[in-house]
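Examining the three-dimensional arrangement
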Amino acid sequence: MLDIKIVREDPEKVKRALKDRNLEFDLSHILDIDDGRRALIKKVEDLRAEKNRLAKEVPIAQKEGKDIGELVAESKEVGEHLKHLDGLLKEHEEELAEKIAEIPNIPADGVPVGESEEDNVEIRTWGKQPDFEFEPKGHWDIGTDLGILDFERGAKVTGARFTVTVGAGARLERALMNYMLDMHTGEHGYKEVFPPILVNEDSLFATGQLPKLREDMYAVTDDLFLIPTAEVPVTNLHRNEIIPAGDMPIKYVAYSPCFRREAGSYGRETRGLIRQHQFNKVEMVRFVEPDNSPTAHEELTAQAEAVLQGLGLAYRVVELCTADLSFAAAKCYDLEVWMPGMGGYVEISSCSNFSDFQARRSNVRFKGGDGKTRYPHTLNGSGLAIGRTVAAVLENYQRQDGSVSIPPALVEYMGNSTIIAAQG
RNA sequence: GGAGAGGUGGCAGAGUGGUUGAAUGCGGCGGUCUCGAAAACCGUUGUGCGGGUAUUCCCCGUACCGAGGGUUCGAAUCCCUCCCUCUCCGCCA
């Protein structure tokens, strides 16, 4: 959520941001509501002051044995007027809150302006794409042939885009989860949390999924939703809190399953593990002081990259342009892993700086060293999406005989196996 | 799911209609004292919004005692709905 003061004081900046995102938005309407709202606040508070004054006079007059009839009558009159204006004010405030919640975050300075994902900018690449002396297979074929990915039974048990991992496949999923969590807790200083995977609407509003992306999520009974990412529960851990000075910065890492309806995406990347309705992910979330967020963002991105490097997977880092930036993000790097079987790069991590956008929506503040209360900046990044990592390992480490060698870093997590052979 | 109790400032804990943003204690911050520290004593102690010839320290108004409504001239105090916590029972991985 943007600060209404910024919209009021620097509407040109907001207009530019919206234009860069290729959005049409009527700011003048918002400013009109805000003007009306502030005028009403003044009137309402003056009336309230008057009413408070009268109410205080009543017991005094009573003590002095005076007639309070006139005071009461006057107070009643003020009360009527107040009630009317208060109702109007409430309407203004609700409309303003609704409108301002629909404005996306302002892109950070330096974010490339673009019209579509075509305009994203490659920042760097890492690693060497493996050479094969044979035609590399897609991970769906590798996994199916080895008996470690079962797409058909996943579809039977639940439906399309649900997959069962079996034997060494299931173990690989678990190994990756532990490998990533161990790295981020052990080497990068994150505190591990294991959050609820059902969240309420307030939490989804705070991180920016609601109101816009309702259709992309699974709603269950009791007004709860399955989380699309651990970002939601973890970022909401401190909703409506003031973080004490000594507790900043905060670094959380969480494993969670993620659920996405992927409404409207049918037909795109449907094969294999790339676009599932349920997948596992390890997510890093940070709360930092505003000045530190650009540095923290680079650091967080490097920490996600460290996982790919540890696994020996070639990848590239792409900075999203204004058109591709998500609603709440001010700046975002995508990590795209090389998939030899698919013959292309696939997004495996998204590392974003949300500036104070989510903090405002969730009303998280922190006490600075100077004793002032301010909004922190929030950041998060996948470290990594596990399903896609399984796919990447299978494709990059496949061998001519159909088996898959296990990346050295994962051997200890795979019961010291070095190879995945066909399952019995 | 049933029965009961309860949600007050960082914490503990008063406060059942009247000048209460809220006693008291602890904690925190500042100071006095001390070579220094402790103790003692004194002072101070939240958040949001609006306004102000205040714009890195201020002043005025207003709101906030789980949330939202209601009664009243006036509500932390009374009424209603919801949420949460605790105890006991039931059920249960």
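Keep in mind that this is a model prediction, so the values were computed, not measured.

1. Things to note about unusual backbone geometry
Between L210 and the following residue, P211, the backbone shows a cis peptide bond with an omega angle of 5 degrees. A cis amide bond links M248 to the next residue, P249, at an omega of -10 degrees. For P249, the position within the fold is in the loop between strand 8 (242-243) and strand 9 (250-259). The backbone of N240 shows a phi angle near 60 degrees, a positive value even though the residue is not glycine. With respect to the element layout, N240 can be found in the loop between helix 9 (231-235) and strand 8. Here N240 falls in the exposed class, since its relative accessible area comes to 52%.

2. A word on the packing of aromatic side chains
Using the criterion set out here, one finds six aromatic pairs in the structure. Measuring from centroid to centroid gives 5.7 Å for W126 and Y315, while their planes differ by 20 degrees, and the two rings are stacked. Pair noted here: W126 is in strand 1 (residues 121-126) and Y315 is in strand 11 (residues 315-319), with a separation of 189 residues, a long-range link. Y315 sits in the buried class, given a relative accessible area of 1%. Residues F327 and F357 carry aromatic rings whose centres are separated by 5.5 Å and whose planes lie at 80 degrees to one another, so their mutual orientation is edge-to-face. Here the residue F327 occupies a position in the loop between strand 11 and strand 12 (331-339), and F357 occupies one in helix 11 (residues 357-362), the gap between them amounting to 30 residues. Take F327 and F357: they sit in the same class, and that class is buried. We note K251 situated over the ring of Y190; from NZ or CZ to the ring centre the distance is 5.0 Å. The aromatic ring of F205 is capped on one face by R361, whose charged end is 4.0 Å from the ring centroid.

Here is what the cut-offs are and how they apply
Residues numbered from 1 in each chain as written. Chains lettered and ligands numbered in written order. Predicted model: local features only at pLDDT ≥ 70, side-chain atom pairs only at ≥ 80, totals over all residues. Heavy atoms only, no water. Helix = DSSP H or I, 4+ residues; strand = E, 2+ residues; numbered from the N terminus. Buried < 20%, exposed > 50% of the residue type's maximum accessible area, 1.4 Å probe, protein only. Phe/Tyr/Trp six-rings, centres within 6.5 Å; stacked < 30°, edge-to-face > 60°. Lys NZ or Arg CZ within 6 Å of the ring centre and 35° of its normal.

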